[in-house]
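Read off the chains here:
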Amino acid sequence: MPCYLEQRVSVQLNMADFPLLIAAGTSLGWEHTLNGEVLVFTTQQNQRISITKGQATLEQRHEALITELKQAYAKTIIQTAAEQFGWTLERVEGAAQELLLTRFS
């Protein structure tokens, strides 16, 4: 009789803000559902990440999604702070991890 084992992994997301997480997931093209304190993202490939009480849980083979979410979350935080203080935020051409902040007085 075949045995199917689904390995799951949990990752701490301390101090995560749900509205900013939702904005980050949306920027990646992911859909989300929020049921009480449980946030579930579903990617275009139907992969799921469940986030509750500061902990993200997903299938072990999809761990790279956490890195994507963390990067999008960081960018969302920077964008939100920049908007609050009157800065503009642009990507630097040719540099995947660089952003240019500009403020005109």
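Our structure is the block above this text.
What this report covers is the structure whose coordinates are included nearby. For every chain, the first residue of its written sequence is number 1, and the numbers climb from 1 along that sequence. pLDDT decides what is reported in this predicted model: residues at 70 or higher carry local features, side-chain atom pairs at 80 or more are listed and counted, and totals for whole chains, interfaces and linings draw on all residues regardless. Here the side-chain values reflect all heavy atoms present in the structure, with hydrogen atoms and water set aside.

**Brief notes about the nonpolar core**
One broad trend across soluble globular proteins is that nonpolar side chains are buried collectively. Filter applied, for reference: For this analysis, a nonpolar core means a set of buried residues of the types Ala, Val, Leu, Ile, Met, Phe, Trp, Tyr and Cys, connected via side-chain atoms within 4.5 Å. Partly exposed residues are those whose accessible area sits between 20% and 50% of the maximum for their type, while under 20% is buried and over 50% is exposed, using a 1.4 Å probe and protein chains only. Strands are runs of DSSP state E lasting at least 2 residues, helices are runs of H or I lasting at least 4, and numbering of each runs from the N terminus. Contact between two residues is taken to exist if any of their heavy atoms lie within 4.5 Å; hydrogens are not considered.
Counting residues in each nonpolar core, the largest one holds 18 residues, and the members touching the most others are F41, I49, I51 and L69. Broken down by secondary-structure element, the contributors of at least two residues to this core are α1 (18-27), β3 (38-42), β4 (48-52), β5 (55-59) and α2 (64-84). Residue contributions to this core peak at 5 residues, all from α2. Not counting residues up to four positions away in its chain, the partners in contact with L69 are L21, A24, G25, L28, W30, F41 and I51.

**Quick look at the pairing of β4**
The cut-off we apply is this: A strand pair is defined by DSSP finding two or more bridges across the two strands.
Going residue by residue along β4, you find I49 and I51 tucked away on one face and R48, S50 and T52 left uncovered on the opposite face. The sheet contact formed by β3 and β4 spans 5 bridges and is antiparallel. Each residue of the ladder has a partner; that of T42, found in β4, is R48. Counted between consecutive antiparallel strands, the loop separating β3 from β4 contains 5 residues, among which N46 sits at a positive phi close to 65°. As defined by bridge partners, β4 adjoins β5 across 3 bridges and the pair is classed as antiparallel.

**What to know about the side chain of T43**
With respect to the helices, strands and loops of the structure, T43 is situated in the loop between β3 and β4. Judged by its relative accessible area of 7%, T43 is buried. Apart from the residues lying within four places of it in its own chain, the contact partners of T43 are W30 and L65.

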